[in-house]
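Given next are the chains, with one letter for each unit.
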Protein chains: 2
Amino acid sequence: MTYCVGILLRDGLILMSDTRTNAGIDNISTYRKMHVLADADDRLILCMSAGNLSVTQHVLGQLAEGLPPLLADEQPRKIHHVPSMFRAAQLVGEAVMVAGRELKPALEEAGVSSGISLLVGGRIGDGPLKLFLVYDAGNFIECGADTPFLQIGATAYGKPILDRAMTYDSPLDEAVKVALLSFDGTIRSDLSVGLPFDMVVMPADPARPVIRRRIESDDAYFADLSRRWSMLLNESRATIPDPPFLNGAAT
Amino acid sequence: MTYCVGILLRDGLILMSDTRTNAGIDNISTYRKMHVLADADDRLILCMSAGNLSVTQHVLGQLAEGLPPLLADEQPRKIHHVPSMFRAAQLVGEAVMVAGRELKPALEEAGVSSGISLLVGGRIGDGPLKLFLVYDAGNFIECGADTPFLQIGATAYGKPILDRAMTYDSPLDEAVKVALLSFDGTIRSDLSVGLPFDMVVMPADPARPVIRRRIESDDAYFADLSRRWSMLLNESRATIPDPPFLNGAAT
C-alpha cells in the first residue's frame, strides 16, 4: 500500500509520500513514490504514485521517453514541453490510458490488481501552483481551495486530521506539521505505510526556496512530533468528562 | 455505508453502531443496525450489521424464524437455544451462508454489491462475554485481549484513535468515550456515517446493569465531547513546534 498527500494552499504546495511497497505481506521494501517529471529553469513538476508498481513504472517510462507525436515529423511529447500544468496533467492521463490498454488485460487475467492513481503537482513559468489527481482511467480532477488537499493510497486513516485542520489559509509550516500528523496516524494503523517519507514544499512566492527532504526513520523532529502528539492526545482525552449515561455499569 | 465497533474489555462489552443507510447518495435514511438476537433471562445476544441491507434482513429473518432443524422431528434452530456464544456465532455464520447462496447470484447479475459483515456479541448464562466478527462467507473470528476491538463498515477513519487508546484494561467509561471519539472522527470524514448512534454496554460483572442507549443528534454529552475534542486537538497541535526544515520557504 501507499499513502501520499498533496496540499495546495495560498502560501504554497506541499507533496508528501511514504516509501513502503509490498508484493504480498512477506515482501516489503522501500520504494520512492515521489517522482520528478520535470525540473528545469521554467518548471518543476512532480508526481506521486499509488497502486500497481509495474503500471506506474510504465507510465513514468512513457513520460520520460515522451509520448508519440501527433504528427509524424514532430518530437515526442514530454512534460518538459507542455505549456501549462493542465496540459501536464493531460499528458500524464494519456500515459495512464496507454499503460492501462497495454497492461490491464494480462494483469486482469492473472488476477493481479492493476489500478493506479497519481498526484501531479508543480508550476510552469510564472503560472500558479497546481495540483491534480489522475485516476486509473486517465481522467483527472484539480485541487481547489474549498478542500485544499488530495490523497491517494490508504487515505482514510489520515483524513480526519486533514479535514479538521487544513484550510487554504493554513501557513506552510503549520500545514507540514498537520501532514506529518496525518502520516503518523496512518503508519500506526496501517503496516503497509511506513517511513521514510519524501517531502517537497514549493512556496507560492517564487523568490523563496523549494524544500526537498527525505524524513528518515530516525528523524528527530518526526519522532518528537509523534511522541508529543500521543502524549497530548492522552492528556486531551483525560480532560473530557466521562459519559454520564453509564450509571452503575462502570466502576 | 455504516460504522460499527465492538469493544471487549476486562470490565465489559461495548457495542456501538451508527444508523445511516443509503441506496445511492440521494437516498439516505435512518436505519437501526443494532439488532437483538436474543434477550432472555439466561442470555443477551446482539448483532450489528454492515453491508447490503436486504442480505442483512434475510439473515435476521432466518435467525428469527430459526434455521431448519438437522433432524426432521426437531425444532428450528434459534439463538435462544444455542448452548454457547461460539454456537451463536456459528448459527449466524450459517444464516449468512444460506443468504449468500440464495441472494448473491441475482445481486451479482444486477451488479449490486452483496457483501455483509456482522459483529455478534453478548453472553449466555454465567459464561464470559464474547464478541465475534462474522464475514461475508459465514466464517468468523473472535475478539481477543491483544486488540480488544472489532470494527465493520467504514473502519479506517476511526481506527487510529482506537489503536492508540484502547487496551483490554481500559475502564468502561473511558472506553465509551474513546468509542465516541472514534465515531466523531468518522462522521466528520464520511458523510455516509451519521447520528444517531445506538449503544449497548454489558458490564462483565453480571450484578451491574446493562445500559442501552440511543445517542441522538442533539445529545448534549456527545455535542460537548465533539466540541471539546476539536478544541483540544487545535490546542495540542499548536503546542507542537513547527518543522525546523522549512528554512526560508515559510513566512
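Residues numbered from 1 in each chain as written. Chains lettered and ligands numbered in written order. Predicted model: local features only at pLDDT ≥ 70, side-chain atom pairs only at ≥ 80, totals over all residues. Heavy atoms only, no water.

**Overview of the nonpolar core**
Counting residues in each nonpolar core, the largest one holds 78 residues, and the members touching the most others are A:Val176, A:Leu180, A:Met199, B:Val176, B:Leu180 and B:Met199. In this view, B:Val176 contacts A:Pro243, A:Phe245, A:Leu246, B:Ile14, B:Met16, B:Met199 and B:Val201; residues no more than four positions away in its chain are not counted. (Core = buried A, V, L, I, M, F, W, Y, C linked by side-chain atoms within 4.5 Å. Buried < 20%, exposed > 50% of the residue type's maximum accessible area, 1.4 Å probe, protein only. Contact = heavy atoms within 4.5 Å.)

**Regarding the sheet that holds strand 9 (residues 140–142) of chain B**
All names here are of chain B. Spatially, five strands are ordered 5-6-7-8-9 in an open sheet, and the strand pairing comes out antiparallel. Since the sheet does not close on itself, it has two edges, and those belong to strand 5 (34–40) and strand 9, each with one partner. Between one strand axis and the next, the sheet turns through 20° on average, direction left out of account. Two strands pair when backbone bridges link them, and strand 6 (residues 43–51) and strand 7 (residues 116–124) are joined in this way by nine bridges, in the antiparallel orientation. Residue pairing in the sheet places leucine 46 in a bridge with glycine 121 of strand 7. Contacts from helix 1 (residues 53–65) reach strand 5, strand 6 and strand 7, with the element oriented near 160° to strand 6. (Pairing = 2+ DSSP bridges. Helix = DSSP H or I, 4+ residues; strand = E, 2+ residues; numbered from the N terminus. Axes fitted to C-alpha atoms, helices over the stretch in contact; angles between N-to-C directions.)

**A closer look at the interface of chain A and chain B**
In this complex, chain A contributes 53 residues to the contact, which on the side of chain B involves 53 residues. Counting the surface chain A buries against chain B, the share from its top three residues, A:Arg164, A:Arg237 and A:Phe245, is 18%. Applying the counting criterion to the chain A and chain B interface returns six salt bridges. For the pair chain A and chain B, the number of links is 19 residue pairs in polar contact (both at pLDDT 80 or more). Those elements that place two or more of their residues in the side of chain A that touches chain B are helix 3 (159–165), helix 4 (172–189), strand 11 (197–203), strand 12 (211–215) and helix 5 (220–239) of chain A. (Buried area = accessible area lost by both parts, 1.4 Å probe. Salt bridge = Lys/Arg side-chain N within 4 Å of Asp/Glu carboxyl O. Polar contact = N/O pair within 3.5 Å; in protein donor to acceptor, adjacent residues only side chain to side chain.)

**Things to note about the side chain of B:Lys33**
All names here are of chain B. With respect to the helices and strands, lysine 33 occurs in the loop between strand 4 (28–30) and strand 5. Residue classification places lysine 33 among the buried positions, given a relative accessible area of 4%. A polar side-chain atom of lysine 33 sits 3.0 Å from a polar atom in the side chain of threonine 2. Within the structure, the side chain of lysine 33 is placed 2.7 Å from the side chain of aspartate 18, a separation counted as a polar contact.

**A word on the relation of the copies chain A and chain B**
When chain A is fitted onto chain B, the two copies agree to an RMSD of 0.0 Å after a turn of 180° and an axial shift of 0.0 Å. Considering both components of the superposition, the chain copies are consistent with a two-fold axis. Measuring from the rotation axis to each C-alpha of chain A, the shortest distance belongs to A:Tyr157, at 2.4 Å. Looking at the interface residues of chain A, 100% of them are also at the interface in chain B, so both copies use one shared face. (Least-squares fit on C-alpha atoms with pLDDT ≥ 70 in both.)

**Here we look at the pairing of strand 5 of chain B**
All names here are of chain B. Of the strand pairs in this sheet, strand 5 and strand 6 are connected by six bridges, and their pairing is antiparallel. The partner of histidine 35 across the bridge, within strand 6, is cysteine 47. Hairpin connection, strand 5 to strand 6: the antiparallel pair is bridged by two residues.

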